[in-house]
Every structure is written in C-alpha cells, then in structure tokens.
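Here is how the chains run, residue by residue.
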Amino acid sequence: MFKIRQRNCMLIATVLILVPCIVILMVLGPELSTETSLTQRLAECHMRLQYLESMYRARQEDVSLLSQYLGQLQYNNGSNVTNVSPPPQPVPNLLDALSPEARQLLRNASHVSRSGGSGFTRGYVSAQNIRLPNAYHFLPHLLDDAGSLRPAYFQSKGRSDVSIVLGVPTVRRDKQSYLLATLHNLIENMNDEEQNETLIIVYIGETDFDAVQLIAKQIETSFETHVESGLIDIIAPAPSYYPNFERLRITLNDSLERVKWRSKQNLDFAYLMAYAHSKGTFYVQLEDDILTKRQFITTMKKFALIKSALTKPDQPAWFVLDFCQLGFIGKMFKSAELPYLITYFQMFYNDKPVDWLLTYFIESKVCRTDKDQKHCNLEKARYWQHFRKSLFQHIGTSSSLKGKVQKLKDKQFGSKVPSYYAHTHNPPALVKSNIAPYKNYLLKRAYRGETYFWGLLPQPGDLVQFIFEQPTLLRRYLFRSGNSEHPSDRFYNTTVELLPADSLSENSSVWSTYNTTTDGYLVVGAFDGLGVAEGLLDPKIGAIKEIRLHVHSDSENWALLSEIELQQMDNNASHLEANAAKPRYIAVS
C-alpha cells in the first residue's frame, strides 16, 4: 500500500514539473524562433549596408579623382598667365550641371570654395594634393599600356547585387581539364532560389586569345542557358596586365618556373577579386577542379549571417570564413573588405604563394611581437573561422604547374563521394563491348546497378551494346559518363544509335528525323561536352531490338559510364519510381 502511494506521489510530482515546462516551451518556442530569425535578418541587413558603403566609397574615389583633374586643369590655366596677356577665361564650371548632392561632394573632395555668382572666384593654391600609392606603384608595367586593366574577353549579362559571388579561375591544361565538370557540379547543387542570388565568375588566366576563346566557347556552349540568365560571367585579362615573368626575383629558393606560376596566380586572384568586388555581398574563392554538396550556397550564407549576428560590438568581426581545409578553396570574404586583400596580393605577388599571403595578412592584423605563437593562433581563430564540415572537395590530380601532381583530399568533406547512379529495373538485355574493362568494373554489373563501367582507352569503331531479350518500346534513354573521382573519363565523339525491331516503311517520318548508319541503325543522339547523352524517342520508331554507343575517334582518357537508364514506354508510376536513380558511394582514396 505504501509503495502504491509512493508511486502515485512520484507520478503527481512528475506531472507538476513537466506541465509547466511544456507550457513554457509552447509559449516561448515561437518567440525564440522569431528572435533567431530577426537576429539573422539584422545580420543580413548589416552585411548589406557594409556592401553598399563600399560601393559609395568607390563613387567617392571617382569624384575625388575627377575633382583633382578639374582643379589641376584650372590651376594650370591660371599659372600660364603673364602680366601682358589678358586675363585667362575661367574653366567652365561643370558643377552647375550636376545635382546639388554631387556638387557638394565635389566641393568637399576638392576643397574648392565659392563666393557667389556662377563662376569660381578663387583657384587652387599652389600646394598639390598628396597622391597615395595605388596599383600602378606596385605594378608599374600597367602604365605601359592604357588598356592593361581592360578585359581582353568579357561575357556578362550585367548581374550584380547578389548575395554570393563565386570566383573560379582557370587556365588551359595540358592533360585533364576539370572546368566543365566543376561548373556542372556547382550548378547542379543549387536550387532555383540559390541560382537567382548567386553569380559565378569564370576567370580565364591565359594570354593566348585563341586559348581564351576556346575555353569561353566551351562554357557558352555547355551552359548556354546559365550564361544567358546571367548566372555565369566570363572574363580574361589583357596580356599587358601581366609583367615580364622572366624578370621576376627568385624567392624562397624556388625554381623560376614555380616563382612564375605562383606570382601569376597571385595576380589572377587580385584581378578576379577586383572584378567581383562590386557584384555581391560575399565573395567565395574556388578552383576549377572541385566538387561540392547540395545547397552549399544556403549553408554558407546562413553560417556567415549567424557568425555576423553573434559578433558583439566590442569583439572583432570575422575576416574569412573557411569552408574547405585545402589551400585557398572555399574561402569566403565580405566583398567590402576585398580591396585589402587585392592590395596585399599586388604588393607581395612576387614573394610568396597566395595561401601563404592570406595567412601572413591575418597575422599582420592580430599577432603581437610580445606574445607567443599560442596567443597568435587564438587571435587568428577569431578572424579566420572554420565551418564544421568542408563543403568542397579537391578532385584534380594534374596541377596547372607543369609536372606538379596534386593528390590532396579534404578529409573534412566526408569519407564518401558519389561514384555512380544505379538503375535496377532496366529492361532485360545482353550487354557487351569491345572496350576492355578495368578490373571488376564490368558493363553487365553497371547495367544491373551494381557498380560503374570503367574501360580502357576507347578506339574508333568501339561499341557498347545493349541487345534486348525481347523487342522493347523505349520512351527515354540516359547515359552519363565520368564521375566525381574521374571527371575526364568520359565518352567523346560518341553517338547513341538504335536498331528498330521491325522494318520501317519508306514513307515513315522517322527517316527525315534521324540519320542512319550503313548497317541500318538510327542515330538518335550523342554525348555532349559534359559527357551526357539523353533524349526522348519518337514513338513512331516502335519496338527496339538494340541500342548502342558508337565511338568515332581516339581518346586520351579511359571511358567510364556512371549512369545507365533505359526507360520503357509502358512503365507505370510505381515502376518508374523503382527504377529512379539511386546514388551509390565509394570511399575517397
């Protein structure tokens, strides 16, 4: 009896404690959520205001330069007056043509005073304005060509005022190019809303205009929709932007080739950042051989706003947010603060690699000579903050520096990366190919969704055949080549061909829609620049006996099929769902 009463007392006490807690959570829960949302909105407004202030400062600089020019012109006219000549005519007062706000700004910038009337009554005094150093002091070769800072190639729809700008520098590579695969991966992992608040700037760091045009054409062809929408800008500098690299100082005991490579990279980053400075609130530095995760734009923006909101007035604000542990990949900056880095890179471009310069820049801001390295690291951590999981992974192995092999992987990205997409309900078929498979990456296993097909160097005339056990009505086909680990192992100059099960009449419209091969196959598609072949089939073709991939030229790379989907005409919804792409993973080596 006593135990029952004790149990009831415990139950009543528990209820009395839990009920008020639940009520408090129900009442305060929405308020806490609202407070968090408002805090993030305030942080976003603060970042936006900082960006607008930087744009205002840029306009002030323009006005200051203009006023100095006009003032100097007036002073020169006045200084040429002799005692015997008539008094000079005043320089036309251009201030009257401007708005009152602009006139006041010009007066403040030039220290010009007015004493009534419409003209100046007093010119400049003989003392000149002090001229501060600028890019021409650090890069004097720019003065040799008036167009040294004008892009040699420029493709843009004028998108600006975005949340995040992604900078992707690229150059011509002798072996593998990962650029198109990188751009595809970036865009594929953005939703529509993220695409609308993002700008991707591809910087082509080449002086050979033919090479620039070739890379730009590849981008414009492969991503025509995104170039037209304004998501992608393409720029390339004038050859005169670069100094004579043969005359660089040898630093850090590096070879001349390495000094030239890292010096050029510093200048490339400075140019790219200078162009991106006025385009958005945040800037993220990337490379042309990476992959990322879904909704990475939202993740980065949210993290930046939270960090900004949590910064107290008496604490230093972050300078760089790090979304990747490797080199300069995934480093986010406030666009308003990019001029600091641009100037620093221009000053020391010949001295150190770009990732070292970033480290030294932060240390110059926070580290003290009277404190030890531990104190320095603690202070740096406040300015240079890291996201808990890396959002970018380096996939390239061939560096832009000739002879350099880059196999670094970011362990914080995750232990697995997508390797292939499995479709387990493709129609029954005999599959075969005269492309020799590598190890156990067999075509029949790839067709069943067990792995991907990886074959040795394809040759002209090689075939990958799918011969159906029964004539099959196909609605759609999809073949995806290459994957995240081997983005260049794609099918090049390869067509998709099929063999109808029944002979088509001579009057069939199919003959005018598709080309045919000498052995009676219809050519229904081809692999594009991203290594993908997909399309819908005309129902008039009827049942199909075979579909095949036909290689027409030599390839410098192996061939990898990471996705095979053959969608039947009579598939119901449940069957389509069963055969939907299922991502499979392999461990990063």
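See above for the structure.
Let us look at the structure shown here. In this text the structure is predicted, and so the values were computed from the model without any measurement.

1. Remarks on the state of the cysteines
At step 1: Taken as a whole, this structure holds 1 disulfide when the rule is applied.
At step 2: Here Cys367 engages in a disulfide with Cys376; their sulfurs sit 1.7 Å apart. Sign of the S-S torsion, about 60° for the bond between Cys367 and Cys376, identifies this disulfide as right-handed.
At step 3: Taking the relative accessible area as the measure of exposure, Cys367 reaches 24% and is therefore partly exposed.

2. Topic: the pairing of strand S8 (residues 331–334)
Regular strands have side chains that alternate between both faces of the sheet.
At step 1: Taking every second residue as pointing to the same face, both faces of S8 are buried, with Lys331 and Phe333 on one and Met332 and Lys334 on the other.
At step 2: Strand direction decides the pairing type here: strand S5 (residues 280–285) and S8, joined by 4 bridges, are antiparallel. Along S8, the bridge assignment pairs Tyr283 with Phe333.

3. Details of empty space enclosed by the protein
At step 1: For the structure shown, the criterion picks out 2 cavities of 30 Å³ or more.
At step 2: In this structure, the second largest cavity spans a volume of roughly 60 Å³.
At step 3: In terms of lining residues, the second largest cavity is bounded by 13 residues, among which Tyr421, Ala446, Thr451, Glu563 and Ile564 are the most central.
At step 4: Every element with two or more residues in the lining of the second largest cavity is listed here: strand S11 (416–422), helix H13 (443–447) and strand S21 (559–568).
At step 5: Residue contributions to the lining of the second largest cavity peak at 4 residues, all from S21.

4. Observations concerning the environment of Pro243
At step 1: For Pro243, the location among the structural elements is in the loop between strand S4 (232–236) and helix H8 (256–276).
At step 2: Distance in space between the C-alpha atoms of Pro243 and Ser263 is 9.8 Å, their sequence separation being 20 residues.

5. Section: the pattern of salt bridges
At step 1: This model, assessed by the stated rule, comprises 22 salt bridges.
At step 2: One salt bridge in this structure joins Lys301 and Glu197, with 3.1 Å as the shortest N-O distance. Note that Lys301 is positioned in helix H9 (residues 296–310) and Glu197 in the loop between helix H5 (192–196) and strand S3 (198–204), a separation of 104 residues in sequence.
At step 3: On the basis of relative accessibility, which here comes to 14%, the residue Lys301 falls in the buried class.
At step 4: Asp322 serves as the salt-bridge partner of Lys331, at 3.0 Å between the closest nitrogen and oxygen.
At step 5: For Lys331, a relative accessible area of 1% gives the class buried.
At step 6: Its relative accessible area of 3% is what places Asp322 among the buried residues.

Rules of the game
- Residues numbered from 1 in each chain as written.
- Predicted model: local features only at pLDDT ≥ 70, side-chain atom pairs only at ≥ 80, totals over all residues.
- Heavy atoms only, no water.
- Disulfide = S-S within 2.5 Å.
- Buried < 20%, exposed > 50% of the residue type's maximum accessible area, 1.4 Å probe, protein only.
- Helix = DSSP H or I, 4+ residues; strand = E, 2+ residues; numbered from the N terminus.
- Pairing = 2+ DSSP bridges.
- 1 Å grid on protein atoms, 1.4 Å probe; cavity = no way out; pocket = protein on both sides within 12 Å on 5 of 7 lines; lining within 4 Å.
- Points joined across faces, edges and corners; volume = space filled by probe spheres on them.
- Salt bridge = Lys/Arg side-chain N within 4 Å of Asp/Glu carboxyl O.

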